[in-house]
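One-letter residues, chain by chain:
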Amino acid sequence: MSFDLVVWALDAGATPADVRAAYELCREGEHAAGAVDRRIGRFYAELTARWPDRLPVADSPWAAAPLHVATDHVLMCLSESCADAVLEAIEYFAGENDLMLLDLQDGTVYPPPTRVR
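Computed from a predicted structure; not experimentally measured. Starting afresh in each chain, residues are numbered from 1 along the sequence in its written order. Only residues with pLDDT of at least 70 get local features here, since the model is predicted, and only at 80 or more are side-chain atom pairs given and counted; chain-wide, interface and lining totals rely on the full set of residues. Excluding hydrogens and water, the side-chain values take into account all heavy atoms of the structure.

**Q** Outline the overall build of the protein chain, supporting the account with residue identities and numerical values.
**A** Helix and strand definitions here come from DSSP, where helices need a minimum of 4 consecutive H or I residues and strands a minimum of 2 consecutive E residues; each element is numbered from the N-terminal end. Secondary structure summary: the protein chain contains 3 helices and 5 strands in total. Starting at the N terminus, the α and β elements of the protein chain follow one another as β-α-α-β-β-α-β-β. Taken over 117 residues, the protein chain has a buried fraction of 40%. Residues are treated as being in contact if the distance between any of their heavy atoms lies within 4.5 Å. Of all intrachain contacts in the protein chain linking residues separated by at least 6 positions in sequence, the fraction that spans at least 24 positions is 64%. Every accessible area reported is derived by Shrake-Rupley at a probe size of 1.4 Å, with residue values counting cover from the shown protein chains alone. Of the roughly 6,900 Å² of accessible surface on the protein chain, a fraction of 53% belongs to carbon and sulfur atoms. Within the protein chain, the 19 negative side-chain charges are centred at a point lying 8 Å from the centre of the 9 positive side-chain charges. Note on exposure labels: buried denotes an accessible area under 20% of the residue type's maximum, exposed denotes more than 50%, and partly exposed covers the range between, all computed with a 1.4 Å probe on protein chains only. In this charge count, Lys and Arg are treated as positive and Asp and Glu as negative; neither His nor the chain ends contribute. In this description, the location of a charge corresponds to atom NZ of lysine, CZ of arginine, CG of aspartate or CD of glutamate.

So this is what it looks like as structure tokens:
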């Protein structure tokens, strides 16, 4: 069984309901056209630099690879035995790239952290 997470690059002010609606469109095969959002590109590059998704790697956290990458989101199917460090890195990279994180197990949406400037 896998543990599935999705990060989303939505416009400022997007709500958890917007994230869930975007996921439903993805499930129906509808994806935004155009170039990959720079935030998604950075997230994917940072994550897969530590845990590649293209080549077989011992102790890979991925239950399915390669990861599903679209213009505005990355879907990650993690193995049940994935290390906490992987989940912490996903949360960290999502926050650093201003991405919303959707936990598909219970539908919880975690917005990017508010930064003090």
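What follows continues from the structure just given.
**Q** Lay out the side chain of Thr-48 with the relevant residues and their values.
**A** Structurally, Thr-48 is set in helix H2 (residues 38-50). Residue class for Thr-48 comes out buried when judged on its relative accessible area of 14%. The term polar contact refers here to a pair of N or O atoms within 3.5 Å; inside protein, the definition further demands a hydrogen-donor-capable atom paired with an acceptor-capable atom, and it admits residues adjacent in sequence only when both atoms are side-chain atoms. Polar side-chain contacts of Thr-48 include one of 2.7 Å to the backbone oxygen of Tyr-44. Every residue in contact with Thr-48, bar those within four places of it in the chain, is listed here: Asp-53 and Leu-67.

**Q** Go over the sheet that holds strand S5 (residues 109-110) with me, naming the residues and quoting the values.
**A** Strands belonging to one sheet form pairs held by backbone hydrogen bonds; the direction of such a pair is parallel or antiparallel. Here we have 5 strands laid out as an open sheet, ordered S2-S3-S1-S4-S5, and antiparallel in their pairing. Two strands bound the open sheet, and with one partner strand each, they are strand S2 (68-69) and S5. As judged from the 7 bridges shared by strand S1 (residues 2-8) and strand S3 (residues 73-79), these two strands associate in the antiparallel manner. By the bridge assignment for S3, Asp-4 is matched with Cys-77. To define axes, lines are fitted to C-alpha atoms, for helices over the stretch in contact only, and angles between the resulting N-to-C directions are given on a 0 to 180 degree scale. Contacting S1, S2 and S3, H2 runs over the sheet at an angle of about 25 degrees to S3. Two strands are counted as paired when DSSP detects at least two bridges linking them.

**Q** Hey, could you go over the pattern of salt bridges for me, with residue numbers and the actual values?
**A** Should a side-chain nitrogen of Lys or Arg be within 4 Å of a carboxyl oxygen of Asp or Glu, the pair is scored as a salt bridge. For the structure on display, the rule yields 3 salt bridges. The closest approach of N and O atoms between Glu-24 and Arg-27, which form a salt bridge, is 3.8 Å. With Glu-24 and Arg-27 both in helix H1 (residues 16-27) and 3 residues apart, this pair spans about one turn of that helix. Ionic pairing is found between Arg-39 and Asp-37, a salt bridge with its closest N-O pair at 3.0 Å. Overall, the relative accessible area of 14% leaves Arg-39 in the buried class. Taking the relative accessible area as the measure of exposure, Asp-37 reaches 22% and is therefore partly exposed.

**Q** Go over H1, please, and point to the residues and values.
**A** Between the first and last residue of a helix there are one fewer steps than residues, each counted as 1.5 Å, and that sum is the expected span. In this model, H1 (12 residues) spans 17 Å end to end at C-alpha, consistent with the 16 Å of a helix rising 1.5 Å per residue. Against the buried residues of H1 lie S1, S2, S3, strand S4 (100-103) and S5. Positive backbone phi, approximately 90 degrees, marks Gly-29, located one or two places after H1.

**Q** So what about the nonpolar core? Which residues, and what values?
**A** Buried Ala, Val, Leu, Ile, Met, Phe, Trp, Tyr and Cys residues that are joined via side-chain atoms within 4.5 Å together make up what is termed a nonpolar core. In terms of nonpolar packing, the biggest core is built from 21 residues, with Val-7, Phe-43, Leu-47, Met-76, Leu-78 and Ile-90 touching the most fellow members. Put simply, the parts of the chain that give this core at least two residues each are S1, H2, S3 and helix H3 (84-96). Beyond its immediate chain neighbours, meaning those up to four positions away, Ile-90 contacts Leu-5, Phe-43, Leu-47, Met-76, Leu-78 and Leu-101. Ranked by size, the runner-up nonpolar core spans 11 residues in total, among them Trp-8, Ala-22, Leu-102 and Val-109.

Honestly, it's all geometry; don't read function into it.
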